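Structural overview for review
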Amino acid sequence: MSDADRGEHGSRFVVVPASYVYLLRDGVSGPEVLLQLRQGVDYMDGHWAAAAAGHVERGETAFDAARREALEEIAVDDLALEFVTTMHRTMHADPIDERVDFFFTARTWSGEPRVVEAEKCAELRWCAFDALPEPVVPHERFVLDALRTGTTSAYTTFGF
């Protein structure tokens, strides 16, 4: 690999950070999570995913990214974010596939969740943890299953 191929970081790989927000509420049959059906996107189109998620921008904390994404994607603010886990994951393909994801939940917020980016989201739906729609983004399903069973840990891996 030439120096030009390595880019500004030399031979080190670059990890892409993202933040995910799962809004939670108590439903008739137990806890529910708000999910979005991804539509018109390159990654996991047609899959159910966190209602709000996105890349952490330069100079931004994962918490700040979670708050920003929630406002931009589902019009909620003042979230009482609870940290769930940090996930290091890979798909063993392109360098962009090296990821670190920060997952948060919130049970309180201001505003009524709604689809803000209709070109990227076909639907928002409250889902019981024991009756999630299919398909769910695989690494997110891993976290949702851990939330359902109470087996989350501060650090998780996926794809290794």
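In this text the structure is predicted, and so the values were computed from the model without any measurement.

Examining the side chain of Glu73
Take Glu73: it is sitting in helix 2 (residues 62-74). Here Glu73 is buried and forms no salt bridge, its nearest opposite-charge partner Lys120 lying at an N-O distance of 6.0 Å. Apart from the residues lying within four places of it in its own chain, the contact partners of Glu73 are Gln36, Ala51, Ala52, Ala53, Arg114, Val115, Val116 and Glu117.

Points about the environment of Ala75
One can find Ala75 in the loop between helix 2 and strand 5 (81-89). For Ala75 and Glu117, which are 42 residues apart along the polypeptide, the C-alpha to C-alpha distance reads 10.0 Å. Not counting residues within four places of it along the chain, the set of residues in contact with Ala75 comprises Ala70, Ser110, Gly111, Glu112, Arg114 and Val116.

Concerning the packing of aromatic side chains
Going through the model one piece at a time under the given rule, you end up with six aromatic pairs. Taken together, a centroid distance of 4.5 Å and an interplanar angle of 55° make the contact between Phe63 and Phe104 tilted. Of the two residues, Phe63 sits in helix 2 while Phe104 sits in strand 6 (residues 99-106), which places them 41 residues apart along the sequence. Judged by relative accessible area, Phe104 falls into the buried class, the value being 1%.

Describing unusual backbone geometry
Here the residue pair Glu134 and Pro135 is connected by a cis peptide bond, since its omega of -10° sits within 30 degrees of zero. Inspection of the secondary structure puts Pro135 in the loop between strand 7 (121-128) and helix 3 (138-149). Here Met44, not a glycine, exhibits a phi torsion of approximately 60°, which is positive. Relative to the elements of secondary structure, Met44 occurs in the loop between strand 2 (30-38) and strand 3 (48-50). By relative accessible area, Met44 is classed as partly exposed at 24%. Unusually for a residue other than glycine, Ala75 sits at a positive phi of about 60°.

Details of the pairing of strand 1 (residues 16-27)
Residues in a regular strand point their side chains to alternate faces of the sheet. Bridge analysis of strand 1 against strand 6 gives eight bridges, and the strand direction is parallel. Note that in strand 6 the partner of Tyr22 across the bridge is Thr105. With four bridges connecting them, strand 1 and strand 2 associate as antiparallel partners. Looking at strand 2, one finds that Asp26 is bridged to Pro31. Hairpin connection between strand 1 and strand 2: a loop of two residues separates the two successive antiparallel strands.

Here's the deal with the confidence of the model for the protein
Across the protein, the average pLDDT comes to 91, with 89% of residues at 70 or higher. Of the regions scoring below 50 in pLDDT, residues 1-6 engages in two contacts with residues more than four places distant in sequence or in other chains.

Here's the deal with the nonpolar core
Formed by 18 residues in total, the largest nonpolar core has its most connected members in Tyr22, Val33, Leu35, Phe103, Leu132, Val143 and Leu144. Those elements that provide at least two residues to this core are strand 1, strand 2, strand 3, strand 5 and helix 3. Take this core: its biggest share by element is four residues, from strand 1. Leu35 has contacts with Tyr22, Trp48, Ala49, Ala50, Ala51, Glu123, Leu124, Arg125, Cys127, Leu132, Pro133 and Leu144, leaving out every residue within four places of it along the chain. The next biggest cluster of nonpolar side chains, apart from the first, holds 16 residues, and it includes Leu34, Ala52, Val56 and Ala70.

Cut-offs applied
- Residues numbered from 1 in each chain as written.
- Predicted model: local features only at pLDDT ≥ 70, side-chain atom pairs only at ≥ 80, totals over all residues.
- Heavy atoms only, no water.
- Helix = DSSP H or I, 4+ residues; strand = E, 2+ residues; numbered from the N terminus.
- Buried < 20%, exposed > 50% of the residue type's maximum accessible area, 1.4 Å probe, protein only.
- Lys, Arg positive; Asp, Glu negative; His and termini not counted.
- Salt bridge = Lys/Arg side-chain N within 4 Å of Asp/Glu carboxyl O.
- Contact = heavy atoms within 4.5 Å.
- Phe/Tyr/Trp six-rings, centres within 6.5 Å; stacked < 30°, edge-to-face > 60°.
- Pairing = 2+ DSSP bridges.
- pLDDT = per-residue confidence, 0-100.
- Core = buried A, V, L, I, M, F, W, Y, C linked by side-chain atoms within 4.5 Å.

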